[in-house]
Protein chains: 4
Amino acid sequence: MNTFGNLFRLTTFGESHGVAMGGVVDGMPPGVAIDEDFIQEELNRRKPGQSDLTTARQEDDHIELLSGVFEGKSTGTPIGFVVHNKDHRSDDYNNLRHVFRPSHADYTYQTKYGLRDHRGGGRTSARETLCRVIGGALAKLALRAYNIKIQAFTSQVGDIVLPLPYTAYDLSQSETNAVRCPDAETAERMATLIRRVKSEGDTIGGIVTGIISGLPVGLGEPVADKFHATLGAAMLSINACKGFDIGAGFSAAQARGSELNDLFYTDKAGNICTRTNHSGGVQGGLTNGQDVVFRVAFKPVATLLREQPTIDAQGHPTTIKALGRHDPCVVPRAVPVVEAMAAITVLDFLLINKRY
Amino acid sequence: MNTFGNLFRLTTFGESHGVAMGGVVDGMPPGVAIDEDFIQEELNRRKPGQSDLTTARQEDDHIELLSGVFEGKSTGTPIGFVVHNKDHRSDDYNNLRHVFRPSHADYTYQTKYGLRDHRGGGRTSARETLCRVIGGALAKLALRAYNIKIQAFTSQVGDIVLPLPYTAYDLSQSETNAVRCPDAETAERMATLIRRVKSEGDTIGGIVTGIISGLPVGLGEPVADKFHATLGAAMLSINACKGFDIGAGFSAAQARGSELNDLFYTDKAGNICTRTNHSGGVQGGLTNGQDVVFRVAFKPVATLLREQPTIDAQGHPTTIKALGRHDPCVVPRAVPVVEAMAAITVLDFLLINKRY
Amino acid sequence: MNTFGNLFRLTTFGESHGVAMGGVVDGMPPGVAIDEDFIQEELNRRKPGQSDLTTARQEDDHIELLSGVFEGKSTGTPIGFVVHNKDHRSDDYNNLRHVFRPSHADYTYQTKYGLRDHRGGGRTSARETLCRVIGGALAKLALRAYNIKIQAFTSQVGDIVLPLPYTAYDLSQSETNAVRCPDAETAERMATLIRRVKSEGDTIGGIVTGIISGLPVGLGEPVADKFHATLGAAMLSINACKGFDIGAGFSAAQARGSELNDLFYTDKAGNICTRTNHSGGVQGGLTNGQDVVFRVAFKPVATLLREQPTIDAQGHPTTIKALGRHDPCVVPRAVPVVEAMAAITVLDFLLINKRY
Amino acid sequence: MNTFGNLFRLTTFGESHGVAMGGVVDGMPPGVAIDEDFIQEELNRRKPGQSDLTTARQEDDHIELLSGVFEGKSTGTPIGFVVHNKDHRSDDYNNLRHVFRPSHADYTYQTKYGLRDHRGGGRTSARETLCRVIGGALAKLALRAYNIKIQAFTSQVGDIVLPLPYTAYDLSQSETNAVRCPDAETAERMATLIRRVKSEGDTIGGIVTGIISGLPVGLGEPVADKFHATLGAAMLSINACKGFDIGAGFSAAQARGSELNDLFYTDKAGNICTRTNHSGGVQGGLTNGQDVVFRVAFKPVATLLREQPTIDAQGHPTTIKALGRHDPCVVPRAVPVVEAMAAITVLDFLLINKRY
């Protein structure tokens, strides 16, 4: 269905070329100052047309809050919101009405539901993620009271990989370049690659890394709703995501216990810490107070500005070439979405954990 | 919490050294022949003491079904079950009462709940997964009517990787060796590595690959409950799991759209297929009828049969050396658990999808 | 929280004097013709200002569908909707900012959330029920394919009770009078009573009876989600509702088994029926194919157009007299709300039941 | 399905003549002293064979806790439990295999699931409620820390009604007689009626009233999960329950606002109270700190020790006469079940409310 979370819940609706995108945040803690400018800034980080690395679609993506806020503060009642769609050139998609685009959701949606809104991908468009950014922005506002920080960044585009561990960088620098990579030199190489791929009518994949710091010990609800299982599901639900790992992640498969175990120690302030963080901040499905470190793998965008063979709704061969406007690499715009889903997950677990 | 699934739900309970492990399967389709031998065989695939590659703990792991079955068939009412614990040598764990083992859940559970059953890891023991195997076995019995097959196998141990794609192997051969790898020669190398690691008092990680074939098109509930997001959460909830990916997965980050798109064609029988399966059987969060192919990364077991520095509950330095019996590599016994979680996920989505 | 249902889910938002009321219907079956005129008619049945028996507040209550519909049909994706508030005279409520009205939710909301939107009752206003009517109208559209009929009517106002069993009336006549009672003569007496009560600045309670016919056998999910338990919760969640019963209901407490048992027989068409329907269409928590018959008790509206003693937010004595516009009896406008909640409940169970 | 609650969840399983009844309590607060004697006492209040007013079936109903408790305290992990069935004379039910008993669930279960365990009513037997009593007993243990009291009693049997409001009685006296009525004289009349009905092979209905005192202000989650809506669903899910109301309940339908409004005042201790409690402790779906007062209506048991006409599974006429052992009136044994469901509801809302 279209709802994320338990005590803090985001429900989204909207098609790419429909009237509006929107949603409901239920369970917003009451009394939180609702900084609308901040929400809009978060939306702006995701919106199209930010740079030559992203789609040329122009959208204001202006948020309207419809409820749940009184005199600048959340009341604890549900926050309804909408963002009207404006620059939708549905005619660009007329050729898609009876065609299944490769590696898109056209075929699966048509088969499951028996009909679909083909315009701009309809419900399957990544435009849906703007609702998640709004939900995430509200969660971030609530998390301010806890001094929890969530920061994501581009750590890989194609074969260009951020060379050092995240602790070697000032992550806030990610927002100073269009790729959202904290290392300026790597960012430049990534941008060059994206431009080259784009010029070839092609697309490229990448990885977003997320860091959550300041978490209390014990978030997560074992054994089914482990912190990283729920976080993983949140990430895997993002368009084009094909993988998720935490801490040492897939590289843990190659490691020995003697090198991967995180040894405990007590710091001068009396806090229990670990000397390494191969666990990625989660042990036994519960946060351990160290940074949560996770990676989210994105495939290249399936829409290509070049001709591809495919089939139509009758199963007959045909060809397709995108006329719409699309991102050559989804990763830079996925960064705020990853943060949003992390914020929603964290706040939900935080509220659930208050019962203890 | 301790429940998986929506219309088909597994709730589990039990501590490693408590009276019993057990659970409830709610939503079992009625009229399914309950083959108790099959359930026991599935349990036997997971149970300890199968070979020199696994822990020496001896458990019959004999299942008792308490309800929901009448004259050999499921009635649609909840199936309660228990497996009594027998060979628990709790004294082996007395030294753990006031100590936090590195990269285990002792510290996080103690902090979250304020107390814990330390014996054998209590609730955090991987022994909990036997309940999942039972739930999965019941799901597999229900899936027989759909001709859906679920097969997992060991594809990596340490740096030893199954060399060819899964389609090159007869996957049923996985069960002919203790490692559960479909290639006998690779299996032998993996076994040798595990024995060497074990002899050094160390442990090693690995990867389980899962294949689900015979799925109808359209399983999954977008956008929050995409097929691979829910499947990923199910896998990430398994003890020691640190990563999940589907299809091209993390390698998709390096790829271009032009090489990763799965082109559609219509086969001679009139079925819509794809020429490649980089999507791993899921497009737009819905199954597309191709094999679902996913990987699950496991870290090395944290318990080492060698001395490690750590801290006690007061935060003071101490050392620890396991006296209990533990697996040098979790992967061979994780194979049936991966299958079980896949079966639970598939059946649940199948039942949900029946409304269309 | 603010969500009803499982596979068919309605989430609502909005405050009485906020920007808009609205919601999301998730799980709408795909391919259903979306008759917007019908939805608007249902809304009109609930809207204020219909007659001299209801509040004088004037609202167009014009629905805007924002998503989930393509070329006149539902697509299976979530349907977002809003109804903008227009005739809100928030100044009428300035005197309520620091006062707790008797038998209203001011005190409980203020205590729970620490703040509240006091204007027109904010979230606690019965205006929220218009969102339910929209959700119910969508459910009714989907139920057309099943030939299931849902009809509610006013069966009691104060001490004036509809004299005969519902089968003695043409229920469609309920909509021919402002009270929504199927018997014209009783309706006139009820209207007279409401006018008299209104003229005294007072309010009066009543009962709505609901009939659901055409249901298949077996709806409901025992033992926790019995049909009538879920239906009861749906009704009890309606503003001012204080009681729910089904079939013989509270009168069953006085009866003997020998007089209350519904004896089975097979009719000429071979259908299994019952000679009486004291069960109210539900046995063992599952529908039995007979009409579901239930009653919903509403208390008199708490807002009085006369002075009442109360306390302010500091707990000091004060008095209050409503300046807003209010219904002297909630029952006539509750009829479409009862139908809506019944439709949502039925469709949800119907979809869940498809798995069998 | 078979699960009650959200953060505090009870899942039950078991058939009347199966191996065992049982369940899982998930979300038990950690650190609660688990008084097994108290749980057994609660079970004993519900068990058959207590007096000549109840069924003659003999069951020890001995509880076995299987997990979630360590050194006498709850650990926060799920508590699995079983009660083995002993005195099941399944042969008494052989005649029911192919017959649908009037006003029982035989027909609806058979139709929904296609098969059923007919022995003793199988899953539909009220024996299932013993699992609820166990869940409720655990909830009561957790509620001890909050000084919340839950007390139910028999307020009506047939046409014999407890004459005065509950505040006129010492409710603890309910446990001094077999009927569980706080007024000895009324209890005696009720007992006489039940005995007479029993001697005639008939059964009789009744009402249980529940009182919850000591609740904080603000429990309940509007608008869907109002306190009394969830409480109502919990009660309506109990076998033979046909109605629920709160506070003035159905009598509110006859009342005027001027007589039903509960006027606020501040008591000497500075607490905000109401002079009357027609609201039954709930306003706007949230508890207001006054006693929650509710009624639960039970129909007469459908099983009669006299011959009744009915049909068999082929729809042919036949007759039936119970050979099993049954209660002539369910109400005395329903009292602890009502308390249990109330305790589960209260604890769940209390835990959810902690997030504020």
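Note that the coordinates shown come from a computational prediction; the quantities given were computed from them, not determined experimentally.

Q: Could you give an account of the overall build of chain A, naming the residues involved and the relevant values?
A: Counting its regular elements, chain A contains seven helices and 19 strands. Over its C-alpha trace chain A gives a radius of gyration of 21 Å, about what one expects of a compact globule, namely 21 Å for 356 residues. Counting only C-alpha atoms and orienting by the principal axes, one finds that chain A spans roughly 65 × 50 × 35 Å. Per-residue burial over chain A gives 69% buried out of 356 residues. Taking contacts inside chain A between residues at least 6 apart in sequence as the whole, the part at least 24 apart equals 70%. When the accessible surface of chain A is summed, it comes to about 11,100 Å², and 49% of that surface belongs to carbon and sulfur atoms. When the 37 positive and 39 negative side-chain charges of chain A are each reduced to one mean point, those points stand 3 Å apart.

Q: Quick rundown of the interface of chain A and chain B? Include the residues and the values.
A: Counting residues at the interface gives 98 residues for chain A and 98 residues for chain B. When the two sides are added together, the surface that chain A and chain B hide from each other amounts to roughly 7,500 Å², 59% of it contributed by carbon and sulfur. If you sort the residues of chain A by the area they bury against chain B, K112, K242 and F250 of chain A come out on top, with a joint share of 11%. Seen at the junction of chain A and chain B, the total is six salt bridges. Summed over the shared surface of chain A and chain B, the number is 53 residue pairs in polar contact (both at pLDDT 80 or more). Taken together, the residues that form the side of chain A that touches chain B break down as 44 nonpolar, 35 polar and 19 charged. Across three bridges, strand β12 (residues 241-246) of chain A lies against strand β12 (residues 241-246) of chain B in antiparallel orientation. In the sheet register, D245 of chain A faces β12 of chain B, and the bridge partner there is G243 of chain B.

Q: Tell me about the relation of the copies chain A and chain D, and please be specific about residues and values.
A: Here chain A sits on chain D after a turn of 180° about the axis and a move of 0.0 Å along it, with an RMSD of 0.0 Å. Between the two chains, the operation in question is that of a two-fold axis. Closest approach to the rotation axis within chain A is made by the C-alpha atom of K354 of chain A, at a distance of 3.0 Å. Interface overlap between copies is the fraction of interface residues in one copy that are interface residues in the other; for chain A against chain D it reaches 100%, indicating a shared surface.

Q: Talk me through unusual backbone geometry; I want residue IDs and the actual numbers.
A: All names here are of chain A. Geometrically, the link from P222 to V223 is a cis peptide bond, its omega value of 0° lying close to zero. With respect to the element layout, V223 can be found in the loop between β11 (206-213) and α5 (227-236). Residues other than glycine seldom take positive phi values, yet R180 does so here, at roughly 70°. When you line up the elements, R180 lands in the loop between β10 (160-161) and α4 (184-199).

Q: Would you mind going over the layout of surface pockets in detail, with residue names and values included?
A: All names here are of chain A. A volume near 750 Å³ is recorded for the largest pocket. Along the walls of the largest pocket sit 28 residues, with T209, G247, A248, S251 and R295 positioned nearest its centre. Elements that contribute at least two residues to the lining of the largest pocket include exactly β9 (149-157), β11 and β17 (292-298).

Q: Any details on the sheet that holds strand β2 (residues 9-13) of chain A? Residues and values, ideally.
A: Residues and elements named next belong to chain A. Here we have five strands laid out as an open sheet, ordered β1-β2-β3-β7-β4, and antiparallel in their pairing. Only two strands of the sheet have a single partner each, and these edge strands are β1 (3-4) and β4 (63-65). Here two bridges tie β1 to β2, and the two strands are oriented antiparallel to one another. Paired with F4 across the bridge in β2 is L10. This element, helix α1 (residues 36-46), spans β4 and β7 (79-84) of the sheet and lies at about 145° to β4.

About the thresholds
- As a convention, each chain's residues are numbered from 1 in the sequence order in which they are written.
- Ligands are numbered from 1 and chains lettered from A, in the order in which they are written.
- With pLDDT at 70 or above as the cut-off, local features in this predicted model cover only qualifying residues; side-chain atom pairs require 80 or more to be listed or tallied, and sums for whole chains, interfaces and linings still use all residues.
- The side-chain quantities take in all heavy atoms of the structure and omit both hydrogens and water.
- Only runs of H or I of at least four residues qualify as helices and only runs of E of at least two qualify as strands under DSSP, and these elements are numbered from the N terminus.
- What the globule rule says is 2.2 Å times the number of residues to the power 0.38, and the radius of gyration is computed from C-alpha atoms.
- When a residue's accessible area, from a 1.4 Å probe over protein chains only, is under 20% of the maximum for its type it is buried; when over 50% it is exposed; and in between it is partly exposed.
- Contacts between residues were defined by any pair of non-hydrogen atoms, one from each residue, lying within 4.5 Å.
- The method behind every accessible area is Shrake-Rupley, applied with a 1.4 Å probe, and residues are considered shielded solely by the protein chains displayed.
- Here the positive residues are Lys and Arg and the negative ones are Asp and Glu; neither His nor the chain ends is included.
- By convention, the charge on Lys lies at NZ, on Arg at CZ, on Asp at CG and on Glu at CD.
- Summed over both partners, the accessible area (1.4 Å probe) lost when two parts come together is defined as the buried area.
- By definition, a salt bridge exists where a carboxyl oxygen of Asp or Glu is found within 4 Å of a side-chain nitrogen of Lys or Arg.
- Counting of polar contacts relies on pairs of N or O atoms within 3.5 Å, with two restrictions inside protein: one atom must be capable of donating a hydrogen and the other of accepting it, and residues adjacent in sequence are counted only when both atoms are side-chain atoms.
- The classification used treats Ala, Val, Leu, Ile, Met, Phe, Trp, Tyr, Cys and Pro as nonpolar, Asp, Glu, Lys and Arg as charged, and all other residues, Gly among them, as polar.
- Strand pairing is assigned whenever DSSP detects at least two bridges linking the two strands.
- For the least-squares superposition of copies, only C-alpha atoms count, and only for residues with pLDDT at least 70 in both.
- The distinction between a cavity and a pocket rests on a 1 Å grid over the protein atoms alone: a 1.4 Å probe fits inside a cavity but cannot get out, while a pocket stays open yet meets protein on both sides within 12 Å along at least five of seven lines, and a residue with an atom within 4 Å of a point counts as lining.
- Grid points are joined across faces, edges and corners, and a volume is the space filled by probe spheres set on the points.
- Where helices are involved, their axes are fitted lines through C-alpha atoms of the stretch in contact, as for all axes, and angles between N-to-C directions lie from 0 to 180°.

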